[in-house]
Structure formats: C-alpha cells, structure tokens
Amino acid sequence: MPAPHRLARVTLGTFGSWSPILKHGAALTGFALATLVLISPVGISGDVVPVVVADALVLAAAVFAIALPRTSLSPRWEIAIPLVTFVAVALLRTATGGQISPFGALIIIPVIWIASEQGVRHILIAVAGVLMIVALPFLVGIASVAVASDLVRLIFTPAVFAIAAVLINQIARVQHDRLLRVQQLVDERDQLVASLEQSTREAHRQKEQSLEANRLRDSVWDAITGHAIIGTDLDGRVNVWNRGAVSLLGYTSAEAIGRLAIADIHRPDAADETDDAGGGRLVGGAEATELRDWTYARKDGSEFPAHVSVSERFDEDGRSAGFIFVATDETEATELQRLKDEFTSLISHELRTPLSSILGYVELLRPEDEFDDPMTGQQLKYLDVVDRNARRLLQLVGDLLFTAQVGAGRFTIERVPTSITALVRAAADTAAPTAENGHVALDVVTPEKDVVVTVDPLRIGQALDNLLSNAVKFTPRGGAVTLTLESGPEETRVIVQDTGIGIPADELDRLAERFFRASTASQHAVKGVGLGLTITKAIATAHDGRIEIASTVGVGTTFTLVLPGASAAA
Amino acid sequence: MRVLIADDDADLRDLVTIAVEKAGSEVAAAVASGTEAWAALQAMHVDLAVLDISMPGMTGLEVLQKVRDDGGLRELTVLVITADGAPDIAEQVHAAGADGLITKPFPVRELVRFIRDVAERL
C-alpha cells in the first residue's frame with residue numbers, strides 16, 4: 001500500500017500537517033521576545049508573577065507539544081496548546097497594562113492556529129479566546145469602561161479577530177479541500193500506475209508464456225524426425241518446416257519457408273488434378289483433419305508415397321489461417337503391403353492349383369452313368385473323404401485370402417436390397433444336414449413379413465453360414481440351436497442361440513482375432529482354425545453393423561448379427 | 001473343333017485335355033508356357049484357346065492381349081482359367097477381352113459344357 005506514504009509526502013508543508021511544536025514555535029518566539037523586552041532596560045514594567053506564569057504556561061505547552069506525538073493521546077488534544085497560549089497571552093497582556101499592553105498583538109498567534117482547524121466551531125473557540133483576553137483586564141479590575149472608546153475596543157477587537165478567524169478558517173478549508181482533491185488525484189494516478197505496472201507484468205508474462213509455448217512447439221516439431229510437418233498460409237505458401245520435412249524432402253528450412261508452395265512438394269500431376277497450379281484448392285479442400293495418400297516430390301526430383309494428414313490452422317481470433325500437413329513416408333509400408341499381397345496371392349495360387357487337380361480327378365473317378373466302370377461302396381466312401389478334405393482345404397484358402405483382403409483394406413461389398421428372411425432360411429438349410437447328423441435340433445423363427453435390407457447377399461450369407469455352422473459345431477448331441485430374425489425400426493437382428501459348450505467371459509473380446517480359438521473349443525476337440533468369426537465380424541463392420549456375443553460356459557452362447565437399416569418390405 | 005491348352009501344371013493340363021476330349025473336341029496342342037502358346041497359335045489353326053493366367057514366360061493375359069491385337073487371330077475364342085482369388089480378377093479378365101473365365105478349382109462338367117457350347121456356335 002504505497003498510497004498513504006505518498007499522501008504524507010504531498011501534504012508536507014501545509015500548516016495543518018506541521019508538528020505541534022513547530023506550530024507552537026510562533027508563540028514561543030513571541031513570548032521569548034516579550035520576556036526579553038520586559039527584562040531589558042527599555043522601561044516597560046509588569047507584574048512579575050503573571051508574566052512568569054504566562055511564560056511557564058507557554059513552556060509547558062511546548063513540552064506537551066513535543067510529547068504529544070509520542071503518546072497514545074489523540075492528535076485532537078493538540079488544540080490544548082493554542083488554548084493554553086490564549087491564557088498565557090491573557091495573563092501577559094493583563095500583567096503588562098491590559099488595553100495599553102504592547103504585547104496584545106500576540107493574540108493573533110493562537111487565533112491563527114485555532115481558526116485554521118477544520119470546522120466552524122473553531123471560529124467560535126478563537127473568538128471566545130480573544131474575548132477572554134480582551135475582557136480579563138476589566139474582570140481583574142485593572143481596567144474599566146471609562147469612555148466610549150473602551151467599550152468599542154472591547155467589542156471591536158474580538159469582532160475584527162472573528163472576521164480574521166472566519167477568513168483563516170475559510171482559507172484553510174479551501175486549502176484543505178484542494179489538498180484532498182490533489183490527494184485524490186494522486187491516489188488515482190497511483191492506482192493507474194499500479195494497474196499499468198500490473199498489466200505490463202501480465203503482458204510480459206503472457207509474452208514469456210507464448211514464447212515458451214512456441215519454443216516447446218518448435219522443439220516438439222523438430223523432435224519429430226520421422227514425419228514431415230509442413231505449415232502453410234491460406235494460399236499454400238510454406239511457413240512451417242520441421243526437421244522431419246528437411247530430412248524427408250531435402251529442402252532446408254531456409255529454402256522452404258516463404259519460398260516453397262505446397263504444390264511444389266506434391267507431385268505435379270497430383271496438383272494438376274485439382275486444376276490449381278498454386279495449390280490453393282489443394283489445401284482449401286481440407287475442412288477438418290483429413291487423411292490422404294499422396295505422392296511427394298523431394299528437392300532432387302525423386303518421389304515417394306506419403307500418407308498425409310491435413311488440418312486447418314486458426315489464428316487467435318479463430319479465423320482460418322492456413323493448413324498443417326503431417327506427412328509420413330510410406331515407401332516401406334507400401335513395399336511391405338506389396339510383398340504381403342504378392343505372398344497371399346502366391347499362396348492362394350499355389351494351393352488352389354493342386355486342389356483343382358485333386359477335385360477334378362476325384363470328379364473324373366466318379367461313375368457318370370451305368371456304362372462307366374462301377375465302384376464299390378467302400379471305394380465311393382473313400383472318394384468322398386478325399387473330396388470333403390480337399391474342399392475343407394479350399395475353404396481355408398478362401399478364408400485366408402479373404403482375411404488378407406480385409407487386412408489390406410481391399411475388401412468391398414456390393415449392397416442390393418436383399419431378403420434377409422431368405423438368407424436366414426438358406427443358412428438353416430445349409431446347416432440342417434450337419435445338425436441332423438449331430439442330433440442337434442435346429443429351429444428358425446422369422447417374422448411373417450419378408451425382411452428386406454440393403455446388404456451384400458453373398459457376404460451376409462457367408463456370415464450367417466459361419467455363425468450357424470459354429471453354433472451347430474459347438475453344441476453337443478441333444479442340444480438345440482435357434483435362429484431368430486428380428487426386424488426393428490432402425491436395426492435388423494439375426495440371433496443365433498445355442499445350448500453349446502459356451503465361451504469363458506475373459507475370452508469373449510478375443511474371439512474375432514485371427515486364428516484365436518476359445519479354450520473350450522480346444523478342450524472339446526472341435527475342429528477349426530479360428531478364422532470364421534474374424535470374417536463374420538469384418539462382414540458386419542463393412543455393413544456398418546456389429547456382432548454381439550453373450551455366453552455362459554456349459555449353458556450356451558448367443559451371437560447376434562446387428563445390421564443397420566429397417567426392413568424396406570411392406 | 002481344335003483346342004489349344006496352355007497351363008504350366010501338367011496334371012491340370014491333362015485334366016483340361018480330358019475335358020476337351022469328353023466334349024468331343026480335338027486337342028491341337030497342350031503347352032506349358034505363354035511363349036509356347038503364342039508360338040503354337042501362330043503355327044497352327046485352332047478354334048479355342050484355354051489359357052491359364054499364371055505361366056512362365058508370358059502370362060495368359062499377355063497372350064490374350066497379343067491375340068486381340070493380331071489381325072488374323074482377333075476373333076479367336078479364348079477361355080481364361082485362373083487360381084487367382086483377387087476380388088477384381090473377373091473385371092480384369094473381361095477387360096482383357098476373354099470370352100469366358102473359369103476359376104480354379106472348377107467342376108470338370110462345367111468346362112466340358114463350355115467347350116461344347118463353343119463348338120456348337122462354330
């Protein structure tokens with residue numbers, strides 16, 4: 001709180017703020033002079049006792065004036081000093097001839113002091129003091145109202161002092177008000193200065209923080225050496241270029257910032273596709289964060305495939321300020337993907353060719369009509385085994401190829417309005433022989449009206465076959481599998497419920513993993529490789545649907561294929 | 001009807017040969033590479049070419065391309081056989097100008113029926 005200190009400094013020099021002893025200095029000086037005159041050989045005489053008492057009072061007042069600021073007494077007691085001075089003046093004047101005393105002028109000293117105090121009552125006190133001084137000689141009998149001039153003096157002198165007191169009081173008040181106003185202004189100025197200092201500090205701190213944030217951002221960006229981070233303005237001109245960009249693209253920061261446009265980095269034909277050589281539309285197309293695969297050109301003209309994330313940048317007012325491109329070199333990933341695809345294709349081809357021979361020759365072995373050489377029942381049975389196992393291998397190859405395609409993101413579906421009711425019935429028909437052989441009851445529940453949803457019929461059929469064949473496979477003799485079709489307002493659900501061996505709760509989340517098999521499946525020696533659910537889930541996901549699983553070991557499992565979209569059939 | 005068979009797998013080549021014979025047609029040549037197939041096509045007259053895609057030297061699709069670009073052979077009926085399971089294989093084969101596509105493994109009956117149909121149209 002610096003304000004009070006400054007206030008004190010400003011008021012220094014005004015009478016009101018003087019110390020009591022300083023104010024009393026006038027009276028001390030006056031009385032010292034009077035005493036000197038009295039003891040000098042000038043020849044003015046007076047009663048010794050009252051003069052000594054008067055001097056003693058003035059001195060006592062001086063002691064009080066010195067002591068007062070050091071005591072706990074209120075500063076208001078200061079008023080006692082001029083009051084005592086009044087008494088001293090009255091005594092001195094009376095003792096030195098009353099009306100004719102040469103020391104009457106001393107009256108002015110306490111009058112100024114008291115009248116300069118704030119408030120009208122001080123005028124009255126001052127006038128009362130003057131009256132007391134003027135009246136004392138009459139009261140003690142050394143003077144009497146002998147002539148009219150005596151009476152006039154008795155009244156006139158206090159009246160003049162009263163006017164003087166009023167003037168002094170007014171001047172003091174005006175001065176006091178002015179002082180207050182000045183103090184107010186000083187306070188306001190101090191507050192202003194303080195708040196200015198505060199905002200300067202705040203601005204400085206914010207600048208520091210902002211610089212710190214920028215330094216942090218720059219060091220983070222530069223620490224990312226595997227990705228090129230490129231910032232541009234709205235016209236596509238580069239204004240951010242991190243170390244990753246330097247190493248991936250070959251341009252130094254100095255060569256890139258302010259000199260390159262984003263279209264210089266994108267392969268020319270990629271930029272041409274946007275019909276905008278400046279790259280404005282190239283960057284303007286990104287409204288939210290967008291992922292794109294692009295070909296990037298290095299400084300030396302060589303090219304590489306880049307996976308690019310494009311985001312809009314905003315300034316502090318929230319206005320669009322440009323774009324941020326985060327590019328990853330996909331050369332290795334692309335090569336790896338190519339090798340994977342090649343491998344999958346090779347495996348698929350190399351397995352299918354011998355399988356084609358096996359199945360083809362098995363087909364040739366079977367007698368076509370009664371003219372062919374007949375085979376024994378046992379020979380035909382063996383042939384069936386060869387055929388069935390060759391087809392199992394073929395199914396496996398197909399599943400492997402399919403999951404590889406899903407993994408590579410090359411799995412597409414062709415949606416057409418399809419009767420889910422018909423697909424459910426077909427799946428039940430496919431599973432019926434196996435269910436019958438395993439003595440598993442197979443029930444189908446469908447709504448009366450045909451349920452038609454826009455899906456890929458081949459893929460959904462495949463998913464239903466997988467779910468149903470699993471349910472039959474994992475349900476022991478005497479159990480039941482129920483296939484229920486439900487058509488809701490927003491979703492279509494196919495529920496496959498079995499009374500099978502169940503799946504432990506902690507394995508449910510892993511069911512759709514490639515080659516994962518539930519522990520119960522292995523324990524019960526149920527055949528399979530663990531691809532069926534991976535495929536089924538991929539098919540559901542491709543349709544924006546999902547697979548829900550609920551299971552209790554020893555009680556059974558319920559798989560639900562949920563497809564978005566209600567039945568279009570009336 | 002004279003049929004050219006090209007497949008690098010000997011067993012499958014034989015299987016196709018059997019299918020051709022079952023269909024009542026004559027095997028003009030059965031070769032194991034695309035290069036041999038192209039040489040055979042230029043050396044002799046055939047009515048139908050059954051080409052496997054994946055072959056050493058020249059692939060079945062490359063042979064097909066040459067056939068379609070050749071003035072004398074442009075109208076030759078070509079059946080493509082493949083073990084390729086790529087999702088867009090049918091589009092590729094159709095775009096290359098094949099008259100038919102059979103994916104391995106295939107029922108022999110189906111191949112026999114295709115060959116008979118071609119023979120009937122001739």
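Only a predicted model underlies this, so the values are computations on that prediction, with no experimental measurement involved.

About the cut-offs
- Residues numbered from 1 in each chain as written.
- Chains lettered and ligands numbered in written order.
- Predicted model: local features only at pLDDT ≥ 70, side-chain atom pairs only at ≥ 80, totals over all residues.
- Heavy atoms only, no water.
- Helix = DSSP H or I, 4+ residues; strand = E, 2+ residues; numbered from the N terminus.
- Contact = heavy atoms within 4.5 Å.
- Core = buried A, V, L, I, M, F, W, Y, C linked by side-chain atoms within 4.5 Å.
- Buried < 20%, exposed > 50% of the residue type's maximum accessible area, 1.4 Å probe, protein only.
- Pairing = 2+ DSSP bridges.
- Axes fitted to C-alpha atoms, helices over the stretch in contact; angles between N-to-C directions.
- Salt bridge = Lys/Arg side-chain N within 4 Å of Asp/Glu carboxyl O.

### What to know about the side chain of T536 of chain A
Among the secondary structure elements, T536 of chain A is positioned in helix α18 (residues 532-542). Not counting chain neighbours up to four residues away, the residues in contact with T536 of chain A comprise A463, N466, L467 and I547 of chain A.

### Structural notes on the nonpolar core
All names here are of chain A. I420, I460, L464, L468, V494, L511 and L561 are the most contacted members of the largest nonpolar core, which has 41 residues in total. Broken down by secondary-structure element, the contributors of at least two residues to this core are α15 (420-437), β8 (452-455), α16 (457-473), β9 (480-487), β10 (491-498), α18 and β12 (556-564). Contacts of L511, omitting those with residues within four sequence positions, involve I503, F516, A518, L533, I549 and F559. Membership of the second largest hydrophobic core comes to 31 residues, among which are L92, I107, I114 and V130.

### A look at the sheet that holds strand β4 (residues 77-82) of chain B
Residue and element names in this part refer to chain B. The parallel open sheet is built from 5 strands, whose spatial order is β2-β1-β3-β4-β5. The open sheet has two free edges, formed respectively by β2 (26-31) and β5 (100-103), since each of these has just one partner strand. Neighbour-to-neighbour, the strand axes of this sheet turn through a mean angle of 20°, independent of strand direction. Against the sheet, helix α1 (residues 10-22) touches β1 (2-6), β2, β3 (48-52) and β4, its axis set at about 170° to β2.

### Looking at the pattern of salt bridges
All names here are of chain A. Enumeration according to the criterion identifies 23 salt bridges over all chains in this entry. Between D387 and R391 there is a salt bridge, and its shortest N-O distance comes to 2.9 Å. Of this pair, D387 and R391 both sit in helix α14 (residues 377-407), 4 residues apart, roughly one helical turn. Since its relative accessible area comes to 13%, D387 is described here as buried.

### Thoughts on unusual backbone geometry
Of note, the amide linkage connecting K104 of chain B to P105 of chain B takes the cis form, showing an omega dihedral of -5°. If you trace the backbone, P105 of chain B turns up in the loop between β5 and α5 (108-121). In this model, H439 of chain A sits at a positive phi of 55°, which is unusual for a non-glycine residue. Locating H439 of chain A in the fold gives a position in the loop between α15 and β7 (441-445). Of the residues examined, H439 of chain A reaches a relative accessible area of 46% and is grouped as partly exposed. Despite not being glycine, D544 of chain A has its phi angle at roughly 60°, a positive value. When you line up the elements, D544 of chain A lands in the loop between α18 and β11 (546-552).

Remember, this is a structural readout, not a statement about activity or role.
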